[in-house]
Amino acid sequence: MRTLVLNAGYEPLAVVSFRRALVLVMNNKATIIKADDDNPVSSTTGDYERPSVIILSRYVRVPYVRRVPLTRRGVLRRDAHHCAYCGRSANTIDHVVPKSRGGEESWENLVACCFRCNNVKGDRTLAQLGWNLRFTPRMPSGPAWLALGLDRHQPAWDDFLAPAA
Ligand SMILES: [Zn+2]
């Protein structure tokens, strides 16, 4: 059981164990804004609400940019299931610089690609084909992407995760 931690400004910040979340709440560092009412936490000193979402009392500055973990689904979602080469509906992933030529697994080198373009492209580079990307692939950003990267998504958190841009 995991708890979504929101920064004082309501941005998703982290996912922690519910025990760690309870400690934050008991130390007045956070407040429960959504509890899992069906599963209270029982302890020798009594029952507690099991936190599903908590909000920090003080704003925490995030000192670094987190990497959003790379997934096949994430690449398709970032590219809205449109082929990066022809714009048609895409269900496959392509390495812009082919793996065989040292292309890496990264947000910058993976794009959504339709079956047809994927077949035509094979192991060739864009320069060889005279093709262009319709956009520059980048790591997606925004609170929903960060939160997705933090842990498995839980339905109870939906209200607190803004839709990804
Ligand atoms: Zn295509």
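Going by the structure above, here's the rest.
Here the structure is a predicted model, which means the values were calculated and not measured.

Q: Can you walk me through the coordination of the zinc ion in this structure?
A: Put simply, a metal with four donors set out as a tetrahedron has ideal angles of 109.5 degrees, and one with six donors set out as an octahedron has ideal angles of 90 or 180 degrees. Within the protein, the atoms that donate to the zinc ion are Cys83 (SG), Cys86 (SG), Cys114 (SG) and Cys117 (SG), at distances of 2.3 Å. Bound by 4 donor atoms, the zinc ion shows angles of 101 to 118° at the metal and therefore tetrahedral coordination geometry. Between consecutive donor residues of the zinc ion, the sequence gaps follow C-x2-C-x27-C-x2-C. Residue Cys86 is found in the loop between helix 2 (72-78) and strand 7 (92-95), and its partner Cys117 is found in helix 3 (residues 115-121); the two are separated by 31 residues along the sequence. Look at Cys86 and you get partly exposed, because its relative accessible area is 30%. Residue classification places Cys117 among the buried positions, given a relative accessible area of 9%.

Q: What's the story with the side chain of His95 in this structure? I'm lost.
A: You can see His95 is positioned in strand 7. A relative accessible area of 17% means that His95 is categorised as buried. With residues near it in sequence (within four places) discarded, His95 still touches Gly103, Glu104, Glu105, Asn109, Leu110 and Lys121.

Q: Sorry, what's going on with the environment of Cys114 here?
A: Within the fold, Cys114 resides in the loop between strand 8 (110-113) and helix 3. The class of Cys114 is buried, set by a relative accessible area of 5%. Residues Cys114 and Gly87 lie 27 residues apart in sequence; the distance between their C-alpha atoms is 8.3 Å. Excluding residues that lie within four positions of it along the chain, Cys114 makes contacts with Cys83, Cys86, Ser89, Ala90 and Thr92.

Q: Sorry, what's going on with unusual backbone geometry here?
A: Residues apart from glycine generally show negative phi values, whereas peptide bonds are mostly found in trans. Positive phi is not limited to glycine here, since Ala80 has a value of about 55°. Mapped onto the elements, Ala80 comes out in the loop between helix 2 and strand 7. The phi torsion at His81 lies on the positive side, around 55°, for a residue other than glycine. Relative to the elements of secondary structure, His81 occurs in the loop between helix 2 and strand 7. Exposure remark for His81: the relative accessible area of 37% places this residue in the partly exposed category.

Q: Looking at this model, I keep getting lost on the packing of aromatic side chains. Mind explaining?
A: Each aromatic ring pair is summarised here by two numbers: the centre-to-centre distance and the angle between the ring planes. Counted according to the given criterion, the structure contains 1 aromatic pair. Between Tyr85 and Trp131, the ring centres sit 5.2 Å apart and the planes meet at 50°, which makes this aromatic pair tilted. Of this pair, Tyr85 sits in the loop between helix 2 and strand 7 while Trp131 sits in the loop between helix 4 (126-129) and helix 5 (143-150), placing them 46 residues apart in sequence. Note on Tyr85: relative accessible area 10%, which makes it buried. By relative accessible area, which is 22% here, Trp131 ends up partly exposed. Its guanidinium or amino end placed over the ring of Phe18, Arg50 lies 4.2 Å from that ring's centre, counting from NZ or CZ.

Thresholds applied
- Residues numbered from 1 in each chain as written.
- Predicted model: local features only at pLDDT ≥ 70, side-chain atom pairs only at ≥ 80, totals over all residues.
- Heavy atoms only, no water.
- Donors = N, O, S within 2.8 Å, 3.2 Å for Na, K, Ca; no water.
- Tetrahedral: all angles 85-135°; square planar, octahedral: opposite > 155°, others 65-115°.
- Helix = DSSP H or I, 4+ residues; strand = E, 2+ residues; numbered from the N terminus.
- Buried < 20%, exposed > 50% of the residue type's maximum accessible area, 1.4 Å probe, protein only.
- Contact = heavy atoms within 4.5 Å.
- Phe/Tyr/Trp six-rings, centres within 6.5 Å; stacked < 30°, edge-to-face > 60°.
- Lys NZ or Arg CZ within 6 Å of the ring centre and 35° of its normal.

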